Amino acid sequence: MGSAHGAQGVGVLLMLGQGVDKNVPEAAAWFLFAAARGNPAGEQNLIAALDEMGDADEQAIVKKANEIADELGFEINVVFENDEIQLEEREEPSA
C-alpha cells in the first residue's frame, strides 16, 4: 500500500464513501500523501476535497498525511504551504 497510486485509491474510497464511511478530511490526507509522492490525480483530488470541505484545517490534514507516512514506514515529512506540496526527508535525531 506504499504506492502513491494505492494511496490515491484509498482517498477515492473515503471521498465517495465506497465500502467505508465517507470521510473527506481523511481522504484529503491520503490525496496529499499521494500528491507528495508524485501522483497527479492525488493533487487534483486534494483540490476537490479541499473545495468540498470549504474552510478546511490544512494543518490537521498535513498532520494526518504524516501519520499515514509513518504507518506505511516512510521516513518523510509531507509539507503543504502556500498551496505547494513538498516531501522532505526526515533528519536523523542528533545523539
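What comes next is a walk through the structure. (Residues numbered from 1 in each chain as written. Predicted model: local features only at pLDDT ≥ 70, side-chain atom pairs only at ≥ 80, totals over all residues. Heavy atoms only, no water.)

**Brief notes about the nonpolar core**
In step 1: Core analysis: the biggest nonpolar cluster contains 27 residues, and L32, F33, L46 and I61 have the highest contact counts within it.
In step 2: The set of elements that each furnish at least two residues to this core consists of α1 (4-16), α2 (24-36), α3 (40-53), α4 (58-71) and β1 (76-81).
In step 3: The element contributing the most residues to this core is α2, with 10 residues. (Core = buried A, V, L, I, M, F, W, Y, C linked by side-chain atoms within 4.5 Å. Buried < 20%, exposed > 50% of the residue type's maximum accessible area, 1.4 Å probe, protein only. Helix = DSSP H or I, 4+ residues; strand = E, 2+ residues; numbered from the N terminus.)

**With respect to the pairing of strand β2 (residues 84-89)**
In step 1: One ladder, built from six bridges, connects β1 with β2; its direction is antiparallel. Looking across to β2, one finds that I76 is bridged to E89.
In step 2: Linkage of β1 to β2, two consecutive antiparallel strands, is achieved through a turn of two residues, within which N82 is found at a positive phi near 50 degrees. (Pairing = 2+ DSSP bridges.)

Function cannot be read off these values alone, since they describe shape.
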